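Remarks on the overall topology
One-letter residues, chain by chain:
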Amino acid sequence: MNARTTTQAADRAAAVIPIGQLAREAGCKVQTVRWYEEIGILPPPARTEGGHRLYGRAHRERLAFIRHAREFGFGLDAIRQLLDLAAHPERPCGDAHALAVAQLAEVEAKMRRLAVLRNELARLVETGCVEGLAAECRVLETLADHDHGHCLSHAHAAAEGAVTK
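Keep in mind the model is a prediction, meaning the values are calculated, not measured. Here the residue numbers are simple positions, counted from 1 along each chain's written sequence. Residue-level local features of this predicted model are given only where pLDDT is at least 70; pairs of side-chain atoms are given and counted only at 80 or more, and the full residue set underlies all totals for whole chains, interfaces and linings. Side-chain calculation: all heavy atoms of the structure are included, whereas hydrogens and water are not.

Glancing now at the overall build of the chain. Each helix is a run of H or I in the DSSP string that is no shorter than four residues. Each strand is a run of E no shorter than two, and both are numbered from the N terminus. Secondary structure summary: the chain contains 8 helices and 3 strands in total. Secondary structure elements in the chain, listed N-terminal to C-terminal, are α-β-α-α-β-β-α-α-α-α-α. For every residue, the accessible area obtained with a 1.4 Å probe (protein chains only) is divided by the maximum for its type, and the residue is called buried under 20%, exposed over 50%, and partly exposed between those limits. Among the 165 residues that make up the chain, the fraction classed as buried is 22%. Accessibility throughout is a Shrake-Rupley quantity obtained with a 1.4 Å probe, and a residue counts as covered only by protein chains that appear here. Total accessible area on the chain stands at roughly 11500 Å², and carbon and sulfur atoms take up 59% of it.

Note on sheets: strands pair through backbone hydrogen bonds, and any given pair is parallel or antiparallel. Only strands joined by at least two bridges in the DSSP assignment are considered to pair. The strand order across the open sheet built from 3 strands is S1-S3-S2, with neighbouring strands paired in antiparallel fashion. The strands lining the two open edges of the sheet, one partner per strand, are strand S1 (17–18) and strand S2 (46–47). Here S1 runs beside strand S3 (residues 53–55); their pairing, made up of 2 bridges, is antiparallel. If you follow Ile-17 over to S3, its bridge partner there is Tyr-55.

Bringing the packing of aromatic side chains into the picture now. Stacked, tilted and edge-to-face are the three classes applied to pairs of Phe, Tyr and Trp rings, where Trp contributes its six-membered ring and a pair requires centres within 6.5 Å; stacked means planes under 30 degrees apart, edge-to-face means over 60, and tilted covers the rest. Applying the stated criterion to the full structure yields 1 aromatic pair. Aromatic side chains Trp-35 and Tyr-36 sit 5.7 Å apart centroid to centroid with 35° between the ring planes, which places their arrangement in the tilted category. Relative accessible area serves as the criterion here: at 37%, Trp-35 is assigned to the partly exposed category.

Whenever a carboxyl oxygen of Asp or Glu lies within 4 Å of a side-chain nitrogen of Lys or Arg, that contact is scored as a salt bridge. Counted by the stated rule, this structure contains 7 salt bridges. The partner of Glu-120 in a salt bridge is Arg-123, and the shortest N-O contact between them spans 3.1 Å. In this pair, Glu-120 and Arg-123 are both assigned in helix H6 (residues 94–127), 3 residues apart and thus about one turn of the helix distant. Here Arg-138 and Glu-141 are joined by a salt bridge, their closest N and O atoms 3.2 Å apart. Remark: Glu-141 and Arg-138 occur in helix H7 (residues 138–144); sequence separation between them is 3 residues, near one turn of the helix. Connected via shared salt-bridge partners are Asp-84, Arg-91 and Asp-95.

In this description, a nonpolar core means a group of buried Ala, Val, Leu, Ile, Met, Phe, Trp, Tyr and Cys residues linked to one another through side-chain atoms lying within 4.5 Å. In this structure, Val-33, Tyr-55, Leu-63 and Phe-74 are the most contacted members of the largest nonpolar core, which totals 19 residues. Per-element accounting of this core gives the leading share, 4 residues, to helix H5 (residues 76–87). Contacts are residue-level and defined by heavy atoms, with any inter-residue pair within 4.5 Å sufficient. Non-local contacts of Tyr-55, meaning those with residues more than four positions away in its chain, are made with Ala-15, Val-16, Ile-17, Pro-18, Ile-19, Leu-22, Val-33, Glu-37, Leu-42 and Pro-45.

Okay, helix H2 (residues 19–26) next. Note on helix geometry: an α-helix contains 3.6 residues per turn, so any two residues three or four positions apart are oriented the same way. Turning to H2, its buried residues are Ile-19, Leu-22 and Ala-23. Buried residues of H2 fall within an arc of 95° about the axis and therefore sit on the same side. Next to the buried residues of H2 lie S1, helix H3 (30–38), S3 and helix H4 (57–71). Gly-27, located one to two residues past H2, shows a positive phi value of around 75°. Here the arc refers to the set of directions running from the helix axis out to each C-beta atom.

Following this line, the structure appears as structure tokens:
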């Protein structure tokens, strides 16, 4: 065997990895990889005679794309659409842009809801007590009163109303 053949064989061996290594490299669990296969966003891998999954470079790249899209908060339907667009580079970018715009709007809505939550919790902490009995605890009293006028659900509705304005 010459040096070139040895290098090519090493490249092929490095390109084929078991599921555990793929999951570690992608920063996810083996069950996540299997689930992505099950729902069809990660193509099925080749298998050994013993039935063990063997993944290649394309699986690695696709899984990295999926994981990165998940970090941006994209849902599985949006990821399917993005993967479809990536598989058809001749298509216009507008669809990907629209998905990103929708995701940005969702992130901004979540940020508004979290700001309301932060304010409600800060108010609760300010009015709560540090000492005393649980029977007199303002935190427990507030949490038990599900219908009070300044509940997060009311503030949540107000925050959602701000989304449409």
